[in-house]
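Residue-level listing of the chains:
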Amino acid sequence: MKYRGNAYRLLESYDVKVGDRIVVKTRDNEYRGILMPRYELADDLHLVIKLRNGYNVGISVDEILSILLEERAREKDREEVVIGGREKKEKEEERDGSVSVEHNATRLAMISTGGTIASRIDYRTGGVRAALTAEELYSIVPELSSIAAIDAEVLMQEYSENLTPMHWSIIAERVGEKIYEGYDGIVIAHGTDTMHYTSSALSFALQNLPVPVVLVGAQRSSDRPSSDAAANLIGASLFAANADASGVFIVMHNGKSDDRIAVHIGTRVRKNHTSSRDAFKSIDTEPIALVDVDSSRIDMMLELNVRRRRDKARRPIVRTRFNEHVALIKFYPGLDPSMIEHLISKGYRGLVLEGTGLGHVSKGCFNAIRDAIDSNMLVCMTSQCIWGRLRMTVYETGRDLLSMGVVPLDMLPETALVKVMWVLANSSSMDEAKSMLLSNMAMEFK
Ligand code: GLU
């Protein structure tokens, strides 16, 4: 964990050590914060400073003009920065002969699936690797150790665009096992691109949960300047460990500039921006909570009924299968109805249409939709408008589609796709499937 090479020589010349509060001047900037330990595999060309807002910034040694020692760390604090509070507490307890804190502490399971949050550059190979072993987590985000005892594991290392329903099943099964092992909360590190599909999948696959299951991502990896990984991980862990809530949630930055982290219901959220830290928004609802990472405060924004509160005695219902023969098609002017016929010929069992406005497609698609329904395919309607309600009784087009047997799903199209996949794998008749689709199982309806 010690700096070496150029970085070490620079720090030695200014007589500053890990844990000290320093001001680093470069040509263009001034950084004020705590000097962090170097990452195990990091190069010797950067210093890492933890800024007051919780972000770690990597500063190239070549660009540094001067370093000012603002406050020397006390030995006690230095130890905290270097090894993290939890290990320190255990060491102290070892010293005075008391037992390990593990069985009393809040326990979180952290499962890494890949994506930016779980990766960092391996400076030896230039490749990106998963970084979520417990030791690496604590070295990157030492604050985590004061929130809970965290057991971290790498379940898979995939960018989220590569995930399929099979991966959702694997994640759901692992989370189910962790819940049966008695953890107080589960944090899942995940790529952001398809995180809202996975959160929907887990919302249906894992019902009646006793504790929070929280998906978290980052737009910038933990070893890059201005990474949002640390603040998001702290927010996710604070919520998973302490909130009086259960269910599946996505936890990401709330705004562009503040340090509050938003907690979204897993079936009511989507990624709306390619790169911004606050890319995720709750749709037609408030975030369920806001977490302030500086003060550790959790403000609940929505009132949860008793079934959605934390209750460790509650037995989860775990049903992790999905039927992959379901398609999501966005209607557009001129859509060729033979695309729907093609799905019938391929044996598809479900079709979710992203219709226009209140829930419409052109008359030209009607025959293909009738054929699909006649061949026992579940055909459902959502709206591509994203915001607002689906209302298929207002216009003739919507009413015609309803009378053909199209099922109106007043929820996000991505959530509807995942729900149809899950319902088809967990029902035994068309009637049962329809009634499951129309009942609100995981707060998915608007
Ligand atoms: N596209 C990748 C993914 O979704 C990286 C982006 C990210 O993690 O935010 O996993």
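Here, every reference points to the structure presented above.
This is a predicted model, so every value here is computed, not measured.

Caption draft 1: Layout of the overall build of the chain. The helix and strand inventory of the chain stands at 13 helices and 23 strands. For the chain, the residues scored as buried account for 55% of the 446 residues in total. Taking as baseline every contact in the chain between residues at least 6 positions apart, the subset at least 24 positions apart corresponds to 69%. For the chain, the exposed area adds up to about 19,300 Å²; of that, 48% sits on carbon and sulfur atoms.

Caption draft 2: Structural detail: the site of the ligand. Around the ligand, the surrounding shell consists of G115, T116, Y159, S160, E161, G191, T192, D193, A218 and Q219. Between the ligand and the protein, one listed contact pairs an oxygen atom with a side-chain N or O atom of S160 at 2.7 Å. The side chain of E161 places a nitrogen or oxygen atom 2.9 Å from a nitrogen atom of the ligand. Computed on the free molecule, the ligand has an accessible area of 280 Å², of which 87% lies beneath the protein chains in the complex. Residue composition of the shell around the ligand, grouped by class: two nonpolar, six polar and two charged.

Caption draft 3: Geometry of the packing of aromatic side chains. Enumeration according to the criterion identifies three aromatic pairs in this entry. Judged by centre distance (5.3 Å) and plane angle (80°), the ring pair of W168 and F322 falls under edge-to-face. Taken together, the residues W168 in helix α6 (residues 165-180) and F322 in the loop between β19 (317-318) and β20 (326-330) connect sequence positions 154 residues apart. Both residues of the pair, W168 and F322, belong to the buried class. Positioned over the ring face of Y183 is R107, at 4.1 Å from the centre of the ring.

Caption draft 4: Expanded view of the pattern of salt bridges. On inspection of all chains with the given rule, the structure shows 19 salt bridges. The salt bridge involving E30 is made with R32; its shortest N-O contact spans 3.3 Å. With its nearest N and O atoms 2.3 Å apart, the salt bridge here joins E177 to R174. Taken together, the residues span about one helical turn, with E177 and R174 both in helix α6 at a distance of three residues. Using a relative accessible area of 41% as the deciding quantity, one classes E177 as partly exposed.

Caption draft 5: Summary view of the nonpolar core. Ranked by size, the top nonpolar core spans 50 residues in total, and within it V175, I186, L202, V213, L409 and V420 carry the most contacts. In terms of residues, this core owes the most to one element, helix α12 (residues 413-425), which gives eight residues. Leaving out residues up to four positions away in the same chain, I186 has contacts with A109, I111, V175, K178, I179, P212, V213, V214 and A240. Counting residues in hydrophobic clusters, the runner-up holds 41 residues, among them M110, I147, A189 and I265.

Caption draft 6: Quick peek at the sheet that holds strand β21 (residues 350-355). Pairing is parallel across the open sheet formed by four strands, whose spatial order is β20-β21-β22-β23. Strand pairing shows two members of the sheet lacking a second neighbour, β20 and β23 (407-408), which therefore form its edges. In the sheet, β20 pairs with β21 via five bridges, with the strands oriented parallel. Of the residues in β21, the one forming a bridge with A327 is L351.

Caption draft 7: Structural context of the sheet that holds strand β6 (residues 107-112). Pairing within the open sheet is mixed, and its eight strands lie in the order β9-β6-β10-β12-β13-β14-β17-β18. The open sheet has two edge strands with one neighbour each: β9 (149-154) and β18 (297-300). With direction set aside, neighbouring strand axes in the sheet form an average angle of 25°. Alignment of strand β14 (residues 260-265) against strand β17 (residues 289-292), held across four bridges, turns out to be antiparallel. Bridge pairing links A262 to L290 in β17. Contacts from α6 reach β6, β9, β10 (185-189) and β12 (212-216) within the one sheet, and its direction differs from that of β10 by about 150°. Where helix α7 (residues 195-205) meets the sheet, its contacts fall on β10, β12 and β13 (247-253), and the angle it forms with β13 comes to roughly 160°.

Caption draft 8: Structural context of the side chain of E444. Looking at the element boundaries, E444 is found in the segment after α13 (430-438). For E444, a relative accessible area of 0% corresponds to the buried category. Only 2.5 Å separates the side chain of E444 from the side chain of K419, close enough to count as a polar contact. Here the side chain of E444 touches A442 through a polar contact of 2.5 Å, landing on its backbone nitrogen. The contacts of E444, once residues within four sequence positions are left out, are F204, T267, R268, D410, M411, T415, K419 and S439.

Caption draft 9: Region of interest: unusual backbone geometry. Phi is positive for D284, close to 55°, though the residue is something other than glycine. Of note in the backbone geometry, M443 takes a positive phi value of approximately 60° without being a glycine. Tracing the backbone through its elements, the reader meets M443 in the segment after α13.

Caption draft 10: Region of interest: the packing of α12 against α13. The interhelical angle for the contact between α12 and α13, taken along N-to-C directions, is 145°, at an axis separation of 9 Å. For α12 against α13, the interelement crossing comes out right-handed. Of the residues in α13, those in contact with K419, V420, W422 and V423 of α12 are A433, M436 and L437. Per-class residue counts for the contact of α12 with α13 are six nonpolar, no polar and one charged.

Caption draft 11: Looking closely at the environment of R391. Position of R391 among the secondary structure elements: in the loop between β22 (378-383) and α11 (396-404). Residue class for R391 comes out partly exposed when judged on its relative accessible area of 38%. The contact partners of R391, leaving out residues within four places of it in the chain, are L358 and D410.

Caption draft 12: Representation of α7. Counting buried positions along α7 gives 10 out of 11 residues, so the element sits mostly inside the fold. Burial in α7 covers these residues: M195, H196, T198, S199, S200, A201, L202, S203, F204 and A205.

Reading the values: rules and limits
Residues numbered from 1 in each chain as written. Predicted model: local features only at pLDDT ≥ 70, side-chain atom pairs only at ≥ 80, totals over all residues. Heavy atoms only, no water. Helix = DSSP H or I, 4+ residues; strand = E, 2+ residues; numbered from the N terminus. Buried < 20%, exposed > 50% of the residue type's maximum accessible area, 1.4 Å probe, protein only. Contact = heavy atoms within 4.5 Å. Areas by Shrake-Rupley, 256 points an atom, 1.4 Å probe, with all protein chains shown as cover. Near = heavy atom within 4 Å. Polar contact = N/O pair within 3.5 Å; in protein donor to acceptor, adjacent residues only side chain to side chain. Nonpolar A, V, L, I, M, F, W, Y, C, P; charged D, E, K, R; others polar. Phe/Tyr/Trp six-rings, centres within 6.5 Å; stacked < 30°, edge-to-face > 60°. Lys NZ or Arg CZ within 6 Å of the ring centre and 35° of its normal. Salt bridge = Lys/Arg side-chain N within 4 Å of Asp/Glu carboxyl O. Core = buried A, V, L, I, M, F, W, Y, C linked by side-chain atoms within 4.5 Å. Pairing = 2+ DSSP bridges. Axes fitted to C-alpha atoms, helices over the stretch in contact; angles between N-to-C directions. Left-handed = near helix turned anticlockwise from the far one by under 90°.

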